[in-house]
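Spelled out, the chains give:
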Amino acid sequence: MNRQVDEFIADAKPFSTILQLLRTLILNCNLVEDFKWRNPCYTYNSKNVILLSVFKSYCAITFIKGELLNDSQHLLLSAGPNTKAARVIKFTSDTDVLNLSEIIKSYICEAREIEKLGIKVSHNKPIDSIFPIELEQAFNLDFSFKSAFYKLTPGRQRGYLIYFSGAKQVKTRISRIDSYKIKILDGFGLNDCICGLSKKMPVCDGAHKILNK
């Protein structure tokens, strides 16, 4: 753990307990603790994933790529009028964290997996511009696949579109679409658990791999 973060939390009264609880949840999700921009910052492979911040009447956990999270519990708020990707959850008491601890942890794990997959936010590109032609071709061959895709939440749709279109080669885009077709047909998002074995529900933690052994 980072000494500067220790000092930050100690000085952040009356929110010190809340921040320590959030810190523990984050570190249990295997992120690396750092201190940047005068705030605790948590990274994966040196990429910024989460920030902790203190304001006058609340403290907050900020997800750098929060726009890509599924937000199944509708907890995320815009980080500000000039911030497009980041999303925050605000806290005013330690009870807020304790009551939502498992849900918050699932959000943190999903944010880590988004960074692990290398998914990038495409703010300056409308959905149409990141919609790979290979996906449209797959829709034309299978209407049920198309229907299932559009039944997903907007966040889940965008997550898939960014992941599919992020591949430079046609064969890679086709492979990605084929690999996730069943998951889409079953109504799951890119990082959702489908085997029910994950300890970080609803996020996949790789537990399904034991089924193949």
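As shown above, the structure is provided for reference.
Residues numbered from 1 in each chain as written. Predicted model: local features only at pLDDT ≥ 70, side-chain atom pairs only at ≥ 80, totals over all residues. Heavy atoms only, no water.

Enquirer: Whenever I open this one, the sheet that holds strand β2 (residues 39-44) confuses me. Can you help?
Expert: Think of a sheet as strands paired side by side through backbone hydrogen bonds, with each pair either parallel or antiparallel. Strand order in the open sheet made by the 6 strands is β1-β2-β3-β4-β6-β5, with antiparallel pairing throughout. Edge strands, defined here as strands with exactly one partner in the open sheet, are β1 (32-36) and β5 (77-78). As judged from the 2 bridges shared by β5 and strand β6 (residues 87-91), these two strands associate in the antiparallel manner. Bridged to Ser-78 within β6 is Arg-87. Across the sheet, helix α1 (residues 3-11) lies against β1, β2 and β3 (47-54), angled at about 70° from β1, the strand it touches most. The sheet strands contacting helix α2 (residues 16-27) are β1, β2, β3, β4 (59-63) and β6, and the helix crosses β3 at an angle near 165°. (Pairing = 2+ DSSP bridges. Helix = DSSP H or I, 4+ residues; strand = E, 2+ residues; numbered from the N terminus. Contact = heavy atoms within 4.5 Å. Axes fitted to C-alpha atoms, helices over the stretch in contact; angles between N-to-C directions.)

Enquirer: What is the right way to read unusual backbone geometry from this model?
Expert: It is generally the case that most residues other than glycine have a negative phi and that most peptide bonds are trans. Each neighbour pair has its own omega, and for Lys-13 with Pro-14 the value is 10°, a cis peptide bond. Tracing the chain through its elements places Pro-14 in the loop between α1 and α2. A positive phi angle is found at Asn-30, which is not glycine, with a value near 65°. With a phi close to 55°, Trp-37 is a non-glycine residue in the positive phi region. Positionally, Trp-37 belongs in the loop between β1 and β2.

Enquirer: How do you make sense of the packing of aromatic side chains when you look at a structure like this?
Expert: The geometry of an aromatic ring pair is captured by two quantities: the separation of the ring centres and the angle between the planes. The tally for this structure, following the rule as stated, stands at 13 aromatic pairs. Ring geometry for Phe-139 versus Phe-145: centroids 5.3 Å apart, planes at 65°, classification edge-to-face. Across the pair, Phe-145 and Phe-139 agree in class, each one buried. What links up through ring pairs into an aromatic cluster is the set Phe-131, Phe-139, Phe-145, Phe-149 and Tyr-150. Cation over ring: Arg-176 sits above Tyr-163, and NZ or CZ is 4.2 Å from the ring centre. Positioned above the aromatic ring of Phe-145, the side-chain terminus of Lys-181 is 5.4 Å from the ring centre. (Phe/Tyr/Trp six-rings, centres within 6.5 Å; stacked < 30°, edge-to-face > 60°. Buried < 20%, exposed > 50% of the residue type's maximum accessible area, 1.4 Å probe, protein only. Lys NZ or Arg CZ within 6 Å of the ring centre and 35° of its normal.)

Enquirer: Looking at this structure, I do not really get the nonpolar core. What am I missing?
Expert: One broad rule of soluble globular proteins: the nonpolar side chains tend to lie buried together. Membership of the largest hydrophobic core comes to 51 residues, with the highest contact counts inside it found for Ile-50, Ile-61, Phe-63, Phe-91, Ile-108, Leu-135 and Phe-149. For this core, the leading source of residues is helix α4 (residues 101-116), giving 6 residues. Beyond its immediate sequence surroundings of up to four residues, Ile-50 is in contact with Ile-26, Leu-31, Pro-40, Cys-41, Tyr-42, Ile-61, Thr-62, Phe-63, Ile-64 and Ile-108. (Core = buried A, V, L, I, M, F, W, Y, C linked by side-chain atoms within 4.5 Å.)

Enquirer: Hey, could you run me through the packing of helix α5 (residues 133-141) against helix α6 (residues 143-151) in this one?
Expert: In helix packing, the relevant descriptors are the interaxial angle and the interaxial distance, both defined with respect to the helix axes. Packing of α5 against α6 brings their axes to within 5 Å, and their N-to-C directions diverge by 120°. With respect to each other, α5 and α6 are oriented oblique. Between α5 and α6, the contacting residues are Leu-135, Glu-136, Ala-138, Phe-139 and Leu-141 on the first element and Phe-143, Phe-145, Lys-146, Phe-149 and Tyr-150 on the second. Its residues assigned to classes, the contact of α5 with α6 comprises 8 nonpolar, no polar and 2 charged. (Parallel < 35°, antiparallel > 145°, perpendicular 65-115°, else oblique. Nonpolar A, V, L, I, M, F, W, Y, C, P; charged D, E, K, R; others polar.)

Enquirer: Would you mind showing me how to read the pairing of β4 here?
Expert: Two faces, one strand: in a regular strand the side chains alternate between the faces of the sheet. Buried residues dominate β4, accounting for 5 of its 5 residues. Here β4 shows a buried face lined by Cys-59, Ile-61 and Phe-63 and a second buried face lined by Ala-60 and Thr-62. For β3 and β4, the ladder comprises 5 bridges, and the chain directions are antiparallel. The residue of β4 that forms the bridge with Ile-50 is Phe-63. As consecutive antiparallel partners, β3 and β4 are separated by 4 residues. For β4 and β6, the ladder comprises 5 bridges, and the chain directions are antiparallel. For Cys-59, the partnering residue across the bridge sits in β6 and is Phe-91.

Enquirer: Would you mind going over the pattern of salt bridges with me for this structure?
Expert: Any two side chains of opposite charge can pair, on the condition that their charged atoms come close. Inspection of every chain in the model, using the stated rule, returns 9 salt bridges. Across the pair Glu-7 and Arg-3 runs a salt bridge whose closest N-O atoms are separated by 2.6 Å. Of this pair, Glu-7 and Arg-3 both sit in helix α1, 4 residues apart, which is roughly one turn of that helix. A relative accessible area of 41% places Glu-7 in the partly exposed class. Overall, Arg-3 belongs to the exposed group, its relative accessible area being 55%. (Salt bridge = Lys/Arg side-chain N within 4 Å of Asp/Glu carboxyl O.)

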